[in-house]
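# Inside the fold
This is what each chain is made of:
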Amino acid sequence: MLQKTLFLFVATIVGAIFASLNVPAGWLLGSLLTGIICAFYVKKIIFSDQLFKISLAIIGGNIGYMVVPEQFLTYHMLVGPFLITLVLTIIGGVLLGRFLLRYSGLHPNTAFFCCLPGGASEVIALSKDYGADQRLVAAFHTTRITLFVLFIPFIVGLSHPVVNPVFTSTNVSLIGGGLAISALVVIVFLTLWLGTKVKFPGSALFFAIALGFIAHQWVLPSSDMPFFVTGLAQALMGAIIGMRFDKETFHEIKRVGRISATTLSLYFLMSFGLATIFFLLTPIHYSTSLLSIVPAGAAEMASTATALAIEPTMVATLQMLRVLALFLALPFLIKWFAVKQYAENPP
């Protein structure tokens, strides 16, 4: 327990330093790098999924506090472009799986599950049932998400001003900030409780945003959330994600050879291509398109959007819809590709 507390304290301090230096999404990136370095060179520390859900609930509650109801009036124009990019995302994931299969010599279902673009936890859990190498599937998804969280903030930060008030005043009154933090504590508990009753991909983020919106619009409309609260949650999330990318994950990817790096690079290119298509079909900024469309995890991209003050509500909404849609499509994708390949290429 002491080691975990010390590690999280150090990761938070590094995140705060990064943020004070105006590094894009500094809280998230600083703690992420701390987690990776610790996992590689110091010690691997295992955190419970509950802690990640707590950080997710805090970030979601903050996003809910930022929601402006009028924003939703413009979302209808995004439906068509979103569906187009969703279909292209699925097609791209399947094609990348075929590419990895052809040049790696992996089991067909291992290649297929490695390249599915979303719902990482569900994909990893199901992969073992279809003869796939679950460790390699987990390594691919962990690496994909880690790389996206590392590089996307820098790329977005090049064209968007960094907003990182760490130690400076944000015009939040002591009473208003205290009320907001108290409400956030209730939101976290309610989110965790609802998560045990109703389970679907992205449920924790969805419940937290909804509860945050309700709290700010109708319960405590005069309260404002201090910015450092979001920063601390991002630091917690980054530390946990970074700790997952350890030597074992690296060696699993390295075992496949250069084709793994090529596949992940193509994943990057595909994501930027999808974001470009979405950008050209909608009136929103390219940075928002990138954070909304890139298949890198709803929680991670919503956190990045919050850190950079780039339409976090829109990013979280589109990312959650992507994850949910892919989860609903997963049984059909497995039937059409994984089961068929398994029959043609038994282990």
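Structure report, in brief. All values derive from a computational prediction rather than experimental measurement.

Let's shift gears to the overall build of the protein chain. Looking only at helices and strands, the protein chain features 15 helices and zero strands. Whereas a compact globule of 347 residues would reach a radius of gyration of roughly 20 Å, the protein chain reaches 20 Å, a difference of no more than 12%. Overall, the C-alpha framework of the protein chain stretches about 65 × 50 × 40 Å when taken along its three principal axes. Within the protein chain, residue pairs in contact and separated by at least 24 positions form 79% of the contacts whose partners lie at least 6 positions apart. For the protein chain, the accessible area works out to roughly 15800 Å², and carbon and sulfur atoms hold 71% of it. Counting 19 positive and 12 negative side-chain charges, the protein chain places the centres of these two groups 8 Å from one another.

A separate point is the side chain of S271. Within the secondary structure layout, S271 lies in helix α12 (residues 258-281). For S271, a relative accessible area of 1% gives the class buried. A polar atom in the side chain of S271 sits 2.9 Å from the backbone oxygen of Y267. Beyond its immediate chain neighbours, meaning those up to four positions away, S271 contacts F148, V294 and P295.

In this section: the packing of aromatic side chains. Counted by the stated rule, this structure contains 15 aromatic pairs. An angle of 55° between the planes, with centres 5.1 Å apart, marks the rings of F99 and Y103 as tilted. Of this pair, F99 and Y103 both sit in helix α4 (residues 79-104), four residues apart, which is roughly one turn of that helix. Residue classification places F99 among the partly exposed positions, given a relative accessible area of 24%. Taking the centre distance of 5.2 Å and the plane angle of 70° together, the rings of F112 and F113 count as edge-to-face. For F112, a relative accessible area of 4% puts it in the buried group. Residue classification places F113 among the buried residues on the basis of a relative accessible area of 0%. Taken together, the aromatic side chains of F40, Y41, F245 and F250 make up a single cluster linked through ring pairs. In this structure, R144 packs its charged tip against the face of Y267, placed 5.5 Å from the ring centre.

A few words now on α12. Counted at 1.5 Å a residue, the expected span for α12 with its 24 residues is 34 Å, and the 35 Å between its end C-alpha atoms agrees. Within the sequence span of α12, burial applies to I259, S260, T263, L264, Y267, F268, M270, S271, L274, A275 and F278.

This part is about the pattern of salt bridges. Taken as a whole, this structure holds four salt bridges when the rule is applied. When the shortest N-O distance is used, the salt bridge between D133 and R255 registers 3.1 Å. Here D133 is found in the loop between α6 (120-127) and α7 (134-159), whereas its partner R255 is found in helix α11 (residues 247-256), with 122 residues between them in sequence. The exposure class of R255 is partly exposed, given its relative accessible area of 48%. The structure contains a network of salt bridges with shared partners spanning D133, R135, E252 and R255.

Within the largest apolar cluster, 70 residues are counted, with the highest numbers of intra-cluster contacts made by F7, L205, M237, L291 and M301. Here the element with the most residues in this core is helix α10 (residues 227-244); it accounts for eight residues. Setting aside residues up to four positions removed in sequence, L291 forms contacts with I152, V156, M301, T304, A305, I310, V315 and Q319. If you look at the next biggest cluster of nonpolar residues, it comprises 41 residues, including L78, L106, A329 and I334.

Here the focus is the state of the cysteines. Per the stated rule, a full pass over the model turns up zero disulfides. For C114, which is in no disulfide, the shortest distance to another cysteine sulfur is to C115 and amounts to 6.1 Å.

Turning to the environment of P117, a few remarks are in order. Inspection of the secondary structure puts P117 in the loop between α5 (108-114) and α6. The class of P117 is buried, set by a relative accessible area of 3%. Along the backbone, P117 and I91 are 26 residues apart, and their C-alpha atoms lie at a distance of 9.6 Å. Apart from the residues within four sequence positions on either side, P117 is in contact with T89, I90, G93, Y267, P295, R322 and L326.

Criteria and cut-off values
- Residues numbered from 1 in each chain as written.
- Predicted model: local features only at pLDDT ≥ 70, side-chain atom pairs only at ≥ 80, totals over all residues.
- Heavy atoms only, no water.
- Helix = DSSP H or I, 4+ residues; strand = E, 2+ residues; numbered from the N terminus.
- Rg over C-alpha atoms; globule rule 2.2 N^0.38 Å.
- Contact = heavy atoms within 4.5 Å.
- Areas by Shrake-Rupley, 256 points an atom, 1.4 Å probe, with all protein chains shown as cover.
- Lys, Arg positive; Asp, Glu negative; His and termini not counted.
- Charge placed at Lys NZ, Arg CZ, Asp CG, Glu CD.
- Buried < 20%, exposed > 50% of the residue type's maximum accessible area, 1.4 Å probe, protein only.
- Polar contact = N/O pair within 3.5 Å; in protein donor to acceptor, adjacent residues only side chain to side chain.
- Phe/Tyr/Trp six-rings, centres within 6.5 Å; stacked < 30°, edge-to-face > 60°.
- Lys NZ or Arg CZ within 6 Å of the ring centre and 35° of its normal.
- Expected span 1.5 Å × (residues − 1).
- Salt bridge = Lys/Arg side-chain N within 4 Å of Asp/Glu carboxyl O.
- Core = buried A, V, L, I, M, F, W, Y, C linked by side-chain atoms within 4.5 Å.
- Disulfide = S-S within 2.5 Å.

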